[in-house]
Every structure is written in C-alpha cells, then in structure tokens.
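Listed here are the chains, written in short residue letters.
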Amino acid sequence: MSVHRDFNKANEAYVANFGDKGRLALAPTKKLAIVTCMDARINPYAHLGINEGEAHIIRNAGGVAKDALRSIIISQRLLGTREIAVFHHTGCGMLTFTSSHLQTLVKDSDPGNPALEAVDKIDFLEFPDLEQSIKDDVAFLKENPLVLPETVVTGWVYEVETGKVCPVQNLWGRLCVTHLRCSDSPNCLICIWKTVRSILLSFIDETCHSHIGSLRHM
Ligand SMILES: [Zn+2]
C-alpha cells in the first residue's frame, strides 16, 4: 500500500498542534542556510536545535553545494540569509557509486530507448572522500561570485551512527573527524588525549585521597 494514504491522518494530528506557526515570517530569523543530504536518517531541525522559521534547509543527494546554488542565491538575495553551513555525513550513498555506473544502470533499464541517453548529460556529483568533499564545497561557496562575499561558510560532518556533528575547518574539527573514523586507533590524538586525561584524573584522585588521609591523622 502506498504511504501517501496515511498523509491525511498524520496531518490532522500535526494541524491540531500547529499553534501560532502560521505567523512565522517568510525570511529565516537566524539568517542561516543549511545545505545537507536528502538521506532519510538525517533530521537537521533536531540535530542542530533549529525550529521552523529560523533557517533554510536545502537538501539534495549528498548535500552538494553546486547542486544547491540555485536555492542559495534565492535564499541570500531574496530572503536575507548570510551564513551557510554545509553538512555531509558518514555512510552517505554518494561515496558508493560513480556517475558512469549510474548512467549505465539507467540506460540498461530499457536498452535501445534513445530518450534515456539524456542521463549521460547529468553529473551526479558523487564524491570518493567525505572530508575532502566538504572542504571542496566550502571552497566552492567561498570562491563563487554568485555567493555574497560577506557570507560565513562552514563545513561539517554529521555522523549517522551517533548523531554527532564535527566542524572540518579548524584543527579541533579535523581531530574530531579523524576520531569519528578511528576505531580507537593508537594514532588518534583524541583517543590519546582521553587516555592521558583518565590517567591524570586517576592520579589526582589518588593524590587527593592520600592527602585527605594524611589530614585525618594530623
Ligand atoms: Zn547522503
């Protein structure tokens, strides 16, 4: 059975709790545009603590900036946003195929149909490296003359396994992204820091206990 048959029932419940959202302004109050993947596991409102009316959420396969440019121009020039946050995520389907593979798949679904050859003109904008794809998209937006020069552009990884987000544009962010994929590697600086910290804390704890013990004997 098609899912759309359930829409009306679900919508009745939603409308019953709609409150005063009908009064929200058209322009996002946080002046923020989020570019993210269409992946069904991602809920940007929930994982970023954003509410209706506060930000544009621009979604496409992969959260690719080039594909989002049309919406970004509208968002900035007509609706006043001045900050863009690009989110790509772990486990993204865009890491798993190539455009030529998908083009062949489409054409092979109906061999001899010339109309399907139009797929050869579509660049599906897949990417082989998650972190690099975010850096590329941030650079694309910062350097693009169609994006307002005063725009604050940041890049982020969303981890579908835990719901965590990590920035990629600074040292902490890079460590954080490495840590997402490290599986407790001995080369991961965050894992090393956690180990050192737990040793230090247990040392301080022991010192405190012996100090309290010596005070009792005074
Ligand atoms: Zn994805």
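Use the structure listed above.
Report follows, based on the coordinates. As the structure is a computational prediction, the values presented were derived from the model and not from experiment.

## Focus on unusual backbone geometry
Okay, step 1: Even without glycine at this site, Lys31 takes up a positive phi of about 50 degrees.
Okay, step 2: Even without a glycine there, the phi angle at Leu125 is positive, about 55 degrees.
Okay, step 3: Residue position: Leu125 is located in the loop between helix H4 (99-108) and helix H5 (130-143).

## Digging into the nonpolar core
Okay, step 1: Among the nonpolar cores identified, the biggest contains 26 residues, and Val35, Ile84, Val86 and Trp156 are the most heavily contacted of them.
Okay, step 2: For this core, the secondary-structure elements that each account for two or more residues are strand E1 (32-37), strand E2 (55-60), helix H3 (65-77), strand E3 (83-89), H5 and strand E4 (152-158).
Okay, step 3: Beyond its immediate chain neighbours, meaning those up to four positions away, Val86 contacts Val35, Gly63, Ala65, Ile134, Asp137, Val138, Gly155 and Trp156.

## Here we look at the sheet that holds E4
Okay, step 1: Strand order in the open sheet formed by five strands is E2-E1-E3-E4-E5, with mixed pairing between adjacent strands. Looking at which strands have only one partner, the edges of the open sheet turn out to be E2 and strand E5 (165-167). For this sheet the average axis-to-axis angle between neighbouring strands, irrespective of direction, equals 25 degrees.
Okay, step 2: Sheet topology places E4 next to E5; three bridges connect them, and they run antiparallel. Bridge pairing in E5 places Trp156 opposite Pro167.
Okay, step 3: This element, H3, spans E1, E2 and E3 of the sheet and lies at about 155 degrees to E2.
Okay, step 4: Of the strands in this sheet, E3 and E4 touch H5, which is tilted by about 165 degrees from E4.

Here is what the cut-offs are and how they apply
- Residue numbers here run from 1 along each chain, matching the order of that chain's written sequence.
- Reporting of local features is limited, given that this is a predicted model, to residues whose pLDDT is at least 70; pairs of side-chain atoms are given and counted only at 80 or more, and all residues count toward the totals for whole chains, interfaces and linings.
- In this text, helices come from DSSP runs of H or I with a minimum length of four residues, and strands from runs of E with a minimum of two, each type numbered from the N-terminal end.
- By definition, a nonpolar core groups buried Ala, Val, Leu, Ile, Met, Phe, Trp, Tyr and Cys residues that are joined through C-beta atoms within 7 Å.
- Exposure classes come from backbone-placed C-beta atoms, where a residue is buried if 20 or more other C-beta atoms lie within 10 Å of its own, exposed if 12 or fewer do, and partly exposed in between.
- The contact criterion used is a C-beta to C-beta distance within 7 Å, with each C-beta placed from the backbone.
- The rule for pairing is simple: two strands pair if DSSP sees at least two bridges between them.
- Convention adopted: a line fitted to C-alpha atoms gives each axis, helices being fitted over their contacting stretch, and angles between N-to-C directions are expressed from 0 to 180 degrees.

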